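# Observations on chain architecture
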Amino acid sequence: MAGPISTGNFAAALWPGINSWYGGAYSEVPEVWNRIFEVRQSDKAYEEIYGLSSFGLAPVKAQGQGIEYDSEQQGFLTRFQNVVYALGFQVTYEEFQDNLYAQVGRQRARRLAFSMRTTKEVVHANIINRGYNAAQVGGDGVSLFNSAHPNVAGGTFSNILATAADLSEAALEQACIDISKFTNDRGLNIFVMPRALLIPPDLEFEATRILKSIQQNDTANNAVNALRDLGKIPDGVMTSVYLNADADQWQLLNRNVPDGLISFQREESFAPSEDNDFDTMNAKYRSYMRFVPYWADPRCVFGSPGA
């Protein structure tokens, strides 16, 4: 739909007798994008983040021999290019004057803001939705979830299960083990741990049973739920209705990775602004925002596309 909102769009609003209008006053889904991404402010057209190789292990120094010197180099570049998202609507002078239901007009700006907020959620969720897509690559040249993320110093590392699996207690335990073995670019172990399980609504009930059962889930074993007792996923389940690429896809968001999933905000405010067109006398409303979400260090997440 496009073009100005005229009396033809709301012919019924010219006559008395309507009790209410439905379809424009629903409750919004709670924000989740800013719980998945680290939010940073931007004051440029784009922001850049570089990786680095760091140093290796210290060798034994023989008596009387000189110290061996190591070196490091810059790593992969990730550019965060800010993108503009904008939307508006126009109302003819006649529709504005003749509409008998003021609440319809008053709520249009609110509905525009709703569209903008939902757009922001969808754009952020698509980073995860497309995380297994080989065509959507990061600074290191591969997808967000990949078994062969390259190191600058050589070799690769993985942030997916060796064998893709549906969400289960065993799969989550293996993911936690794999994450605990993460290393830096030079192969030195680093302290990265899961913080939250990010899933679509399809997996919410199963995920809750797995993480909150006192004993092992769906077994007759008299054994503790190790994931729960060890506090391996402290922030629990995080559900997003915008994760819609695959109902079986699940991800762990990790802590202690400072440059992982980042959302740069160039212009945050998207409150609608209003103006009038001189020739047509149409009232014009618009909303504008500029931001970019992406990722730099893929160690920030671990996942599986499902079996």
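Just above sits the structure.
Definitions and limits used
Residues numbered from 1 in each chain as written. Predicted model: local features only at pLDDT ≥ 70, side-chain atom pairs only at ≥ 80, totals over all residues. Heavy atoms only, no water. 1 Å grid on protein atoms, 1.4 Å probe; cavity = no way out; pocket = protein on both sides within 12 Å on 5 of 7 lines; lining within 4 Å. Points joined across faces, edges and corners; volume = space filled by probe spheres on them. Nonpolar A, V, L, I, M, F, W, Y, C, P; charged D, E, K, R; others polar. Helix = DSSP H or I, 4+ residues; strand = E, 2+ residues; numbered from the N terminus. Buried < 20%, exposed > 50% of the residue type's maximum accessible area, 1.4 Å probe, protein only. Pairing = 2+ DSSP bridges. Axes fitted to C-alpha atoms, helices over the stretch in contact; angles between N-to-C directions. Contact = heavy atoms within 4.5 Å. Patch = residues over 30% accessible without salt bridge, like charges linked within 9 Å, V, L, I, M, F, W, Y side chains within 5 Å. Areas by Shrake-Rupley, 256 points an atom, 1.4 Å probe, with all protein chains shown as cover. Salt bridge = Lys/Arg side-chain N within 4 Å of Asp/Glu carboxyl O. Lys, Arg positive; Asp, Glu negative; His and termini not counted. Charge placed at Lys NZ, Arg CZ, Asp CG, Glu CD. Core = buried A, V, L, I, M, F, W, Y, C linked by side-chain atoms within 4.5 Å. Phe/Tyr/Trp six-rings, centres within 6.5 Å; stacked < 30°, edge-to-face > 60°. Lys NZ or Arg CZ within 6 Å of the ring centre and 35° of its normal. Expected span 1.5 Å × (residues − 1). Arc of directions from axis to C-beta.

### Notes on empty space enclosed by the protein
- Going through the model one piece at a time under the given rule, you end up with one cavity of 30 Å³ or more.
- One number sums up the size of the largest cavity: a volume of about 50 Å³.
- Taken together, Glu28, Val29, Glu31, Phe114, Arg117, Thr118, Glu121 and Tyr242 form the lining of the largest cavity.
- Looking at the lining of the largest cavity residue by residue, the class counts come to three nonpolar, one polar and four charged.

### So, unusual backbone geometry
- In this structure, Ser54 is a non-glycine residue whose phi angle is positive, near 65°.
- Of note, the phi angle at Asn256 is positive, near 70°, even though the residue is not glycine.
- Topologically, Asn256 is positioned in the loop between β9 (250-255) and β10 (261-267).

### Examining the pairing of β10
- Counting buried positions over the seven residues of β10 gives five, a clear majority of the element.
- Note: strand β1 (residues 38-41) against β10, four bridges, orientation parallel. Following the sheet pairing, Gln41 is matched in β10 by Gln265.
- Pairing of β10 with strand β12 (residues 283-295), which is carried by six bridges, proceeds in the antiparallel orientation. Across the sheet, Glu267 pairs through a bridge with Arg290, a residue of β12.

### Observations concerning the sheet that holds strand β7 (residues 193-199)
- Taken in spatial order, the four strands line up as β8-β7-β9-β13 in an open sheet, and their pairing is mixed. Two strands in the sheet have a free side with no partner beyond their single neighbour: β8 (237-239) and β13 (301-304). Each adjacent strand pair in this sheet contributes to an overall mean axis angle of 30°, direction not counted.
- Summarising the sheet, β9 and β13 pair through four bridges and their orientation is antiparallel. Residue pairing for β13: Leu252 is matched across the bridge by Phe302.
- Contacting β7, β9 and β13, helix α5 (residues 169-180) crosses the sheet at an angle of about 35° to β9.

### Observations regarding a negative patch on the surface
- A grouping of Asp166, Asp202, Asp246 and Asp248 is seen on the molecular surface, where their side chains present a negatively charged patch.
- By the element assignment, Asp248 lies in the loop between β8 and β9.
- Taking the relative accessible area as the measure of exposure, Asp248 reaches 32% and is therefore partly exposed.

### Some details on the pattern of salt bridges
- Under the definition given, this model contains 10 salt bridges.
- Bridged by salt links that share partners, the residues Glu38, Arg40 and Asp259 form one connected network.

### Overview of the nonpolar core
- Counting 47 residues, the largest nonpolar core has Leu172, Leu197, Trp250, Leu252 and Leu261 as its most contacted members.
- Elements that contribute at least two residues to this core include exactly α4 (108-129), α5, β7, α6 (204-212), β9, β10, β12 and β13.
- By residue number, the principal contributor to this core is α5, which donates five residues.
- Ranked by size, the runner-up nonpolar core spans five residues in total, among them Phe89, Val91, Ala283 and Tyr285.

### As for the packing of aromatic side chains
- This structure, assessed with the given rule, holds six aromatic pairs.
- Between Tyr85 and Phe291, the aromatic rings sit 4.9 Å apart at their centres with planes inclined by 25°, giving stacked as the arrangement. Taken as a pair, Tyr85 in strand β4 (residues 83-91) and Phe291 in strand β12 lie far apart in primary sequence, 206 residues in all.
- Assessed through its relative accessible area of 0%, Phe291 is described here as buried.
- Here the basic side chain of Arg79 rests over the ring of Tyr46, its NZ or CZ set 3.7 Å away from the ring centre.
- The aromatic ring of Phe291 is capped on one face by Lys120, whose charged end is 5.2 Å from the ring centroid.

### Here we look at the side chain of Arg290
- By the secondary structure assignment, Arg290 is in strand β12.
- One buried charge, Arg290, has no salt-bridge partner; the nearest side chain with opposite charge is Glu267, at 4.5 Å.
- If we skip the residues at most four places from it in the chain, Arg290 touches Ala45, Asn82, Val83, Val84, Gln265, Arg266 and Glu267.

### Focus: α5
- In a regular helix each residue adds 1.5 Å, so 12 residues correspond to 16 Å; α5 covers 17 Å between its end C-alpha atoms and thus fits that length.
- Here α5 has its buried residues at Glu169, Ala171, Leu172, Ala175, Cys176 and Ile179. Buried residues of α5, seen end-on, are gathered within an arc of 165° and therefore sit on one face of the element.
- The elements touched by buried residues of α5 are β7, α6, α7 (226-229), β9 and β13.

### So, the layout of surface pockets
- Taken as a whole, the second largest pocket holds about 540 Å³ of empty space.
- What lines the second largest pocket is a set of 27 residues, among which Gly51, Leu52, Ala296, Asp297 and Arg299 lie closest to the centre.
- Elements with a contribution of two residues or more to the lining of the second largest pocket: β2 (46-52) and β3 (74-81).
- When residues of the lining of the second largest pocket are assigned to their parent elements, the largest contribution, four residues, is made by β2.
- Of the residues that constitute the lining of the second largest pocket, the class distribution is 14 nonpolar, eight polar and five charged.

Worth remembering: the numbers are spatial, not functional.
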